[in-house]
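Descriptive analysis of the structure
One-letter residues, chain by chain:
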Amino acid sequence: MSQRAVPSRPPPPPSRPPPAPVVAPAPPAPRPPAAPAPARLIVVAQDGSPGRDYPLSQSVTDIGRSDGAILLPNDPYVSPRHARITRKDGRFFIRDLGSTNGVFVRLRAPARLQSGDLVLIGLEVLRFELVTAADKGLGPAMDGDTQVFGSPMLPRYARLSQRTVEGVTRDIYHVSKDEMVVGREAGDIVFTTDPFMSRRHASFTRERDGSFTLNDLGSSNGTYLAIRDEVALADGDHVRVGQHLFRLEHSRGQS
């Protein structure tokens, strides 16, 4: 009996190489932390506590009600573009951009006054003006051939005009001494209802050359002078823009 031929099996397919292991991509290198701003402006509340702060990262930072990097939209006393802070060689400077109400910087030392300067003491805005030669030359008033009777004449070297939010002058105080002190309880000019004024707050001192110097008398809230030109700001300086009070604070490592 013949045997049935068994068909030969095809050779097995060649084995596939094992898949290459999947290597997860290396995570990206962490970014170095951003360098801190060289300084910042910190809002100072009425009780002296710090509020919002604004980093001064750019070489130029404008402050305004509607234009600028620092916007104060709810302050009606801030002009649309009010002030500019610039950084030059590691130092900071501020200037007024033609605002309506000016930029006030707190005194660190006695400041020489110019006629027309605005001074902020407590809540009072006083305009300092030197008396003209014509005003100094006033003599006794006459009514016909009769001299007018009144209070004794005093020298008038300068005057302080109180500026109000109505845009008019309320009271005028004549500087008739070599030193006139302004305060809430003591002095030559007293504002008894101003809660932000110290007992003896500031003085206007007449120098030998006839010029005047503004001095803070160690007041709690400081004496402020509206800037005329670009002025340098130091660490810790206080600046008033509208109703906002700012303190400049340098970052650590900044001079």
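Before reading further, recall that the structure is shown in the block above.
Residues numbered from 1 in each chain as written. Predicted model: local features only at pLDDT ≥ 70, side-chain atom pairs only at ≥ 80, totals over all residues. Heavy atoms only, no water.

**Looking at the pairing of strand E19 (residues 223–226)**
Residues Thr223 and Leu225 of E19 are buried on one face, and the alternating residues Tyr224 and Ala226, pointing to the opposite face, are buried as well. Of the strand pairs in this sheet, strand E7 (residues 103–106) and E19 are connected by three bridges, and their pairing is antiparallel. Across the sheet, arginine 106 pairs through a bridge with tyrosine 224, a residue of E19. In this structure, strand E9 (residues 118–121) lies alongside E19, joined through three bridges in antiparallel fashion. Considered in E19, the bridge of valine 119 is made with leucine 225. (Buried < 20%, exposed > 50% of the residue type's maximum accessible area, 1.4 Å probe, protein only. Helix = DSSP H or I, 4+ residues; strand = E, 2+ residues; numbered from the N terminus. Pairing = 2+ DSSP bridges.)

**A closer look at unusual backbone geometry**
For aspartate 89, which is not a glycine, the phi torsion comes out positive at approximately 55°. Along the chain, aspartate 89 turns up in the loop between strand E5 (83–88) and strand E6 (91–96).

**Concerning the packing of aromatic side chains**
Considering all chains together, one arrives at four aromatic pairs under this definition. A centroid spacing of 6.3 Å and a plane angle of 5° characterise the contact between phenylalanine 128 and phenylalanine 204, whose relative ring orientation is stacked. A residue pair is termed long-range when its members are at least 10 positions apart, and phenylalanine 128 in strand E10 (residues 124–130) and phenylalanine 204 in strand E17 (residues 202–206) qualify at 76 residues. The pair phenylalanine 128 / phenylalanine 204 is uniform in exposure class, with both members buried. Seen in terms of ring centroids, tyrosine 173 and phenylalanine 191 are 5.9 Å apart; in terms of plane orientation they differ by 75°. Their pairing is edge-to-face. Taken together, the residues span a long stretch of sequence, with tyrosine 173 in strand E14 (residues 169–175) and phenylalanine 191 in the loop between strand E16 (189–190) and E17 at a distance of 18 residues. Taking relative accessible area as the criterion, phenylalanine 191 reaches 8% and is therefore assigned buried. Among the aromatic side chains, those forming a connected cluster through ring pairs are Phe128, Phe204 and Phe212. Cation over ring: lysine 88 sits above phenylalanine 93, and NZ or CZ is 5.3 Å from the ring centre. (Phe/Tyr/Trp six-rings, centres within 6.5 Å; stacked < 30°, edge-to-face > 60°. Lys NZ or Arg CZ within 6 Å of the ring centre and 35° of its normal.)

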